[in-house]
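# A closer look at the structure
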Amino acid sequence: QEQLVESGGGLVQAGGSLRVSCVASGRTFGSYAMGWSRQAPGKEREFVAFINWNGKTIVYADSVRGRFTISRDNAKNTVTLQMNSLKPEDTAVYYCGRHSAGITRARDCSSYDYWGQGTQVTVSS
């Protein structure tokens, strides 16, 4: 299991933007798909976005499509989630995870190999 470390969370007003990043340890980052999920207090983990190994296949949750952008830089072992037009309902801990279960299972949070520790994103109204 590689270490995944998220950063970039914080407090932002509704309509604002944040960028959260995830840096992976190890030598095989470029061989795996990655994704982002989020979890708000009292709610189950929710799929946010997925990106395959070379960045050519991307999947978004309906709730974030058009507002969030996932990207990756395999040379830096980094996957990034740019979040624009933030809403209070986006408030959650955001996690990045490794995925090796195939694109058809990208939206299933339980199919991810493991998740990082998360970074808190709070959107005020």
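In the block above lies the structure referred to throughout.
Before going into details, it helps to say that this report is about the structure given with it. Since this is a predicted model, take the numbers as computed values, not measurements.

This next bit is on the pattern of salt bridges. Enumeration according to the criterion identifies 6 salt bridges in this entry. Residue E46 pairs with R38 through a salt bridge whose shortest N-O separation is 2.8 Å. Relative accessible area serves as the criterion here: at 30%, E46 is assigned to the partly exposed category. What makes R38 buried here is its relative accessible area of 5%. With a shortest N-O distance of 3.4 Å, D108 and R105 are connected by a salt bridge. With a relative accessible area of 30%, D108 lands in the partly exposed category. R105 sits in the partly exposed class, given a relative accessible area of 40%.

Bringing the packing of aromatic side chains into the picture now. As enumerated under the stated definition, the model contains 1 aromatic pair in all. Over the ring of Y95 we find R45; its NZ or CZ atom is 4.4 Å from the centre of that ring. Above the face of the F29 ring, R72 is positioned so that its terminal group lies 4.5 Å from the ring centre.

As a further point, take unusual backbone geometry. Positive phi, normally seen in glycine, also occurs at N77, with a value near 55°. The class for N77 is buried, based on a relative accessible area of 14%. Here S85, not a glycine, exhibits a phi torsion of approximately 50°, which is positive. By secondary structure assignment, the location of S85 is in the loop between β8 (78-83) and β9 (92-99). You can call S85 partly exposed: its relative accessible area is 41%.

Definitions and cut-offs
Residues numbered from 1 in each chain as written. Predicted model: local features only at pLDDT ≥ 70, side-chain atom pairs only at ≥ 80, totals over all residues. Heavy atoms only, no water. Salt bridge = Lys/Arg side-chain N within 4 Å of Asp/Glu carboxyl O. Buried < 20%, exposed > 50% of the residue type's maximum accessible area, 1.4 Å probe, protein only. Phe/Tyr/Trp six-rings, centres within 6.5 Å; stacked < 30°, edge-to-face > 60°. Lys NZ or Arg CZ within 6 Å of the ring centre and 35° of its normal. Helix = DSSP H or I, 4+ residues; strand = E, 2+ residues; numbered from the N terminus.

Geometry only, nothing functional implied.
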